[in-house]
Amino acid sequence: MTLDVASGGTVAIRATAQSGIIYPAGTFAGLIYGQRTSGSQTSQTYTVRTYLNGVLTGDTGSVGPINGVGGGGDSSPQSSNINTRQQFDAVEFVYSQTTSAAALNIDVYEFCTQ
């Protein structure tokens, strides 16, 4: 799935396990993603957070640049995850960009647990 971010904003995508599946605390939750940009962007954050029955569990972690400068081009697929402290049944990826001179596409290839 591709998430499009114009010259600033926030986009999110959430994957929920099949009914009846709950992952225990201590499970790594994350995703495999890449990005494509047409210029440079600053003030960006990538966040992974977990949910149980639609309610945020409190397990949230920044997994990418924070107020970093990224150049244009494509990135290779990369994985990012957080170690959970609560059980969960959904993982959400949030990308926020407050200032930019670029259009950005985030390619989310897979959500995963470990």
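A. Layout of the overall build of the protein. Across its full length, the protein holds zero helices and nine strands. Overall, the protein shows an N-to-C arrangement of helices and strands of β-β-β-β-β-β-β-β-β. A buried classification covers 39% of the 114 residues belonging to the protein. Considering only residue pairs separated by 6 or more positions, the protein has 81% of its internal contacts joining residues 24 or more positions apart. In the structure as shown, the protein presents an accessible area of about 5800 Å², 48% of it carried by carbon and sulfur atoms.

B. The arrangement of unusual backbone geometry in detail. Here the phi dihedral of Asn53 falls at roughly 55 degrees; this positive angle occurs in a residue that is not glycine. In this fold, Asn53 is placed in the loop between strand 4 (41-52) and strand 5 (55-62).

C. Structural view of the packing of aromatic side chains. Across all of its chains, the model carries five aromatic pairs by this definition. Centre to centre, the rings of Tyr23 and Phe88 are 5.3 Å apart; their planes meet at 25 degrees, and the pair counts as stacked. With a gap of 65 residues between them, Tyr23 in the loop between strand 2 (9-16) and strand 3 (28-37) and Phe88 in the loop between strand 7 (78-83) and strand 8 (90-100) connect regions that are remote in the sequence. For Tyr23, a relative accessible area of 26% puts it in the partly exposed group. Where Tyr33 meets Tyr46, the ring centres are 5.4 Å apart and the plane angle is 80 degrees; that geometry is what we call edge-to-face.

D. Region of the structure containing the environment of Gln97. As for its placement among the helices and strands, Gln97 is situated in strand 8. Expressed as a C-alpha distance, the spacing of Gln97 and Val11, which sit 86 residues apart in the sequence, is 9.1 Å.

E. Inspection of the pattern of salt bridges at higher detail. What the rule picks out here adds up to three salt bridges. Arg14 is the salt-bridge partner of Glu92, the closest N and O atoms lying 3.3 Å from each other. Of this pair, Glu92 sits in strand 8 while Arg14 sits in strand 2, and the two are 78 residues apart along the sequence. Note that Arg49 is salt-bridged to Glu92, the shortest N-O span being 2.6 Å.

F. Examining the environment of Ser80 more closely. Along the chain, the position of Ser80 falls in strand 7. On a C-alpha basis, the gap between Ser80 and Gly30 in space is 5.5 Å, while along the polypeptide they are 50 residues apart. Apart from the residues lying within four places of it in its own chain, the contact partners of Ser80 are Ala29, Gly30, Leu31, Tyr33 and Val63. Among the polar contacts listed, one links the side chain of Ser80 to the side chain of Tyr33, at a separation of 3.4 Å.

Definitions and cut-offs
Residues numbered from 1 in each chain as written. Predicted model: local features only at pLDDT ≥ 70, side-chain atom pairs only at ≥ 80, totals over all residues. Heavy atoms only, no water. Helix = DSSP H or I, 4+ residues; strand = E, 2+ residues; numbered from the N terminus. Buried < 20%, exposed > 50% of the residue type's maximum accessible area, 1.4 Å probe, protein only. Contact = heavy atoms within 4.5 Å. Areas by Shrake-Rupley, 256 points an atom, 1.4 Å probe, with all protein chains shown as cover. Phe/Tyr/Trp six-rings, centres within 6.5 Å; stacked < 30°, edge-to-face > 60°. Salt bridge = Lys/Arg side-chain N within 4 Å of Asp/Glu carboxyl O. Polar contact = N/O pair within 3.5 Å; in protein donor to acceptor, adjacent residues only side chain to side chain.

Shape is all these values report; function is a separate question.
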